[in-house]
Amino acid sequence: MDVVSPRLRSGEKLVTNDVVSPRLRSGARGIRSPPLSTHRLDDPGLVWPEVHPGKCWPFKDSQGFVVIELAVWIRPTAFTLEHIPKSISPSGSIISAPQDFSVYGLDDENQAEGVLLGQYTYNEEGDSIQTFEVQNKDAAVYKFTELRVNSNWGHPEYTCLYRFRVHGEPAM
């Protein structure tokens, strides 16, 4: 089961076969940077249904985070991170792509520190869509996930997130 939807509506919890992410929260907390732009809830940014150069959720510098509220409590099993392929990049490179990132499970959006679910590296030479298994096999069920980007592939000004998906089993 996927836990991200291509559509968000302000003030609504939209439920589809792909469990929805009705709210995104980002900003500065510790060393993480705020986004370059603020997306309204009806402007999904990070969960666009298609991936085109420049149509991303950018944030300043090489470190940042986003907290995603899931429509249902789930036990995460994997995460998918997508960036544009080099072949369609206007510069021929994807240096704005995340490099090292971590994913945390949270019980609520105000939780100071979540449970580390895994630390990963997006391979700039690999496929544009990369899936990563949860490393913490003792992970519980969560209502929120936090994606923390710790570095990018060399862009000095910003990092672009195109799509991030959470896969898992709904809690019963």
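Keep in mind that this is a model prediction, so the values were computed, not measured. (Residues numbered from 1 in each chain as written. Predicted model: local features only at pLDDT ≥ 70, side-chain atom pairs only at ≥ 80, totals over all residues. Heavy atoms only, no water.)

### What to know about the overall build of the protein
Then comes step 1: Within the protein, the secondary structure is distributed over 0 helices and 9 strands.
Then comes step 2: In the protein, the order of α-helices and β-strands from amino to carboxyl end is β-β-β-β-β-β-β-β-β.
Then comes step 3: Expressed as a percentage of the 172 residues in the protein, the buried residues total 49%.
Then comes step 4: Partitioning the contacts of the protein with sequence separation of at least 6, the portion at a separation of at least 24 is 72%.
Then comes step 5: Summed over all atoms, the accessible surface of the protein reaches about 8,100 Å², with 49% contributed by carbon and sulfur. (Helix = DSSP H or I, 4+ residues; strand = E, 2+ residues; numbered from the N terminus. Buried < 20%, exposed > 50% of the residue type's maximum accessible area, 1.4 Å probe, protein only. Contact = heavy atoms within 4.5 Å. Areas by Shrake-Rupley, 256 points an atom, 1.4 Å probe, with all protein chains shown as cover.)

### Some points on the environment of N152
Then comes step 1: Mapped onto the elements, N152 comes out in the loop between β7 (142-149) and β8 (158-161).
Then comes step 2: Expressed as a C-alpha distance, the spacing of N152 and Q99, which sit 53 residues apart in the sequence, is 4.5 Å.
Then comes step 3: For N152, the residues in contact, after removing those within four places along its chain, are D61, S62, I95, S96, A97, P98, Q99, Y158 and T159.
Then comes step 4: Of note is the side chain of N152, whose polar atom sits 2.8 Å from the backbone nitrogen of G154.
Then comes step 5: Within the structure, the side chain of N152 is placed 3.1 Å from the backbone oxygen of H155, a separation counted as a polar contact. (Polar contact = N/O pair within 3.5 Å; in protein donor to acceptor, adjacent residues only side chain to side chain.)

### Description of the confidence of the model for the protein
Then comes step 1: On average, the protein scores 75 in pLDDT, and the residues at 70 or more come to 70%.
Then comes step 2: For the stretch residues 1-44, pLDDT sits under 50, and the model shows 123 contacts to residues farther than four places along the chain or on other chains. (pLDDT = per-residue confidence, 0-100.)

### A few points about the pairing of strand β3 (residues 64-82)
Then comes step 1: Counting buried positions along β3 gives 15 out of 19 residues, so the element sits mostly inside the fold.
Then comes step 2: When β3 meets β7, the two strands line up antiparallel, connected through 7 bridges. Residue pairing for β7: E69 is matched across the bridge by F144.
Then comes step 3: The pairing of β3 with strand β6 (residues 129-133) spans 5 bridges and is antiparallel. Residue pairing in the sheet places F79 in a bridge with F132 of β6. (Pairing = 2+ DSSP bridges.)

### Describing the pattern of salt bridges
Then comes step 1: Evaluation of the coordinates by the stated rule reveals 5 salt bridges.
Then comes step 2: Measuring nitrogen to oxygen at the nearest pair gives 4.0 Å for the salt bridge that ties R163 to E82. Residue R163 is found in strand β9 (residues 163-170), and its partner E82 is found in strand β3; the two are separated by 81 residues along the sequence.
Then comes step 3: On the basis of relative accessibility, which here comes to 16%, the residue R163 falls in the buried class.
Then comes step 4: Judged by its relative accessible area of 10%, E82 is buried.
Then comes step 5: A salt bridge links E113 to R148, with the shortest nitrogen-to-oxygen separation between them at 3.0 Å. With E113 in the loop between β4 (100-106) and β5 (115-121) and R148 in strand β7, this residue pair connects regions lying 35 residues apart in the sequence.
Then comes step 6: The exposure class of R148 is buried, given its relative accessible area of 9%.
Then comes step 7: Because the salt bridges share partners, they merge into one network encompassing E82, R163 and R165. (Salt bridge = Lys/Arg side-chain N within 4 Å of Asp/Glu carboxyl O.)

### Looking at unusual backbone geometry
Then comes step 1: Phi at D61 takes a positive value of approximately 70°, unusual for a residue other than glycine.
Then comes step 2: Secondary-structure assignment places D61 in the loop between β2 (57-60) and β3.
Then comes step 3: What makes D61 partly exposed here is its relative accessible area of 33%.

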